[in-house]
Amino acid sequence: MALTGKNTELAASLLKDGKLVAIPTETVYGLAALATNEKAVLHIFEVKQRPFFDPLILHFHSLDAALAHSLPADERLIKLASHFWPGPLTILLPKKDSIPGIVTSGLAQMAARVPDHPLTLELLKILDQPLAAPSANPFGYISPTEPAHVEKQLGGKVDYILDGGACTVGLESTIVGVEEGKLCIFRLGGLTVEEIEKVAGRVELSLNQSGDPKAPGQLKSHYAPTKPLLLGDIAGLRAQHPKKKLAVICFGDEHQDYGDALVFNLSKKSDLREAAINLFRYLRQADESEAELVLCSLLPEFGLGKAINDRLRRAAAE
Ligand code: TXA
Ligand code: MG
């Protein structure tokens, strides 16, 4: 069992000692170390069993704090950050040498964000130093959106879980950078394409489906449960698997009959925000249930539905 509580002073002193602390954010829980402590950062990779080619996101308490570690950056990214921070947006900035190469997997750019959670903002202000933090789950598995998820999988390996309750967005941050002069989204997430375009104009999607080290969160198979997850028309899928114990993850249509299946409705009132909050919790519950197969239908492909579908496709990928 990891020590769990709301003590930001304790969390800060552990981090200063080179320990790992799970931190709450609005998106998902992070597994944090002081970004300038290379040994502690190395420990994050070990605990998560994460490949070293997959860089970590840096968390700051403010835009100014992030810019203090950045070389001159693209104005459009600064504009987005000024508009959406604190919030579920990560931007790729050219890093200074103050950020060790292990954090960025040797890349010249760092991924930076200001998370929107009062406890973690308080912690970052006490430290006045960036925290490197990937999502607090074993590499490739579903991200944690509650302290209990962290405890269950990494409890023996973190020194403290800062308990900030359940995450209020439930999907990782949207990653935005500049490629060949164009504003690009490298990972869909809790800030929608539509919201970004309203502020910054047209953005390209650069969502690689392979093993591109630029954003391994885009690895084809990721966010994956241990049980097979099948995507498609649920009635059709049920008919194909008449003998299996099933779990169904659905959206809206409350009155649909799913027989004996265990049903997880992401949002009975078809609210995409509510669906995002529930997604990872329900994927975990379905994975931990008695079901042999998890069936799931895709959501409408706009707003947060795009990011939710992205996670579902990766969760279903082999
Ligand atoms: O919402 C979030 O972003 C959460 C919370 C804890 O902040 N963090 C998170 O971290 O999702 P992680 O490690 O699970 O995903 C980070 C993604 C990876 O896909 C990684 O490849 C990409 O960010 N990334 C990190 N640094 C990068 C860099 N310098 N250049 C390009 N991509 C980067
Ligand atoms: Mg992750």
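Now for a look at the structure at hand. Because the structure is predicted, anything quoted here is derived from the model rather than measured.

Structural notes on the packing of helix H9 (residues 272–288) against helix H10 (residues 304–316)
Part 1 of the reasoning: Two elements in contact, H9 and H10, have axes separated by 9 Å at closest approach and are oriented at 25 degrees. In terms of axis orientation, H9 runs roughly parallel to H10. Considering the relative orientation of H9 and H10, their crossing is left-handed. Note on element contacts: H10 touches H9 through Leu304, Gly305, Ile308, Arg311 and Leu312, opposite Leu272, Arg273, Ala275, Ala276, Leu279 and Phe280.
Part 2 of the reasoning: Grouping the amino acids of the contact of H9 with H10 by side-chain chemistry returns eight nonpolar, one polar and two charged.

Some remarks on the environment of Val41
Part 1 of the reasoning: Tracing the backbone shows Val41 in helix H2 (residues 38–48).
Part 2 of the reasoning: In this structure, the C-alpha to C-alpha distance between Val41 and Pro100, residues 59 residues apart in sequence, is 9.4 Å.
Part 3 of the reasoning: When residues no more than four places from it in sequence are discounted, the contact partners of Val41 are Ala33, Leu34, Ala35, Leu56, Ile102, Val103 and Ala132.

What about unusual backbone geometry?
Part 1 of the reasoning: Along the chain, Trp85 connects to Pro86 via a cis peptide bond; the corresponding omega equals -10 degrees.
Part 2 of the reasoning: Inspection of the secondary structure assignment puts Pro86 in the loop between helix H4 (75–84) and strand E5 (89–94).
Part 3 of the reasoning: Although it is not a glycine, Asp128 adopts a positive phi angle of roughly 50 degrees.
Part 4 of the reasoning: Positionally, Asp128 belongs in the loop between helix H5 (118–127) and strand E7 (131–132).
Part 5 of the reasoning: In this structure Asp128 comes out as exposed when scored by relative accessible area, which is 53%.
Part 6 of the reasoning: In this structure, Glu180 takes a positive phi of about 50 degrees despite not being glycine.
Part 7 of the reasoning: By the secondary structure assignment, Glu180 is in the loop between strand E9 (174–179) and strand E10 (182–187).

Re the pattern of salt bridges
Part 1 of the reasoning: Applying the stated criterion across every chain yields a total of 11 salt bridges.
Part 2 of the reasoning: Ionic pairing is found between Asp74 and Arg76, a salt bridge with its closest N-O pair at 3.0 Å.
Part 3 of the reasoning: Its relative accessible area of 25% is what places Asp74 among the partly exposed residues.
Part 4 of the reasoning: Owing to a relative accessible area of 31%, Arg76 belongs among the partly exposed residues under this scheme.
Part 5 of the reasoning: Between Glu301 and Arg313 there is a salt bridge whose closest N-O contact spans 3.2 Å. Of this pair, Glu301 sits in the loop between strand E15 (293–296) and H10 while Arg313 sits in helix H10, placing them 12 residues apart in sequence.
Part 6 of the reasoning: Through salt bridges with shared partners, a single network forms among Glu172, Asp310, Arg311 and Arg314.

Thresholds applied
Residues numbered from 1 in each chain as written. Chains lettered and ligands numbered in written order. Predicted model: local features only at pLDDT ≥ 70, side-chain atom pairs only at ≥ 80, totals over all residues. Heavy atoms only, no water. Axes fitted to C-alpha atoms, helices over the stretch in contact; angles between N-to-C directions. Helix = DSSP H or I, 4+ residues; strand = E, 2+ residues; numbered from the N terminus. Parallel < 35°, antiparallel > 145°, perpendicular 65-115°, else oblique. Left-handed = near helix turned anticlockwise from the far one by under 90°. Contact = heavy atoms within 4.5 Å. Nonpolar A, V, L, I, M, F, W, Y, C, P; charged D, E, K, R; others polar. Buried < 20%, exposed > 50% of the residue type's maximum accessible area, 1.4 Å probe, protein only. Salt bridge = Lys/Arg side-chain N within 4 Å of Asp/Glu carboxyl O.

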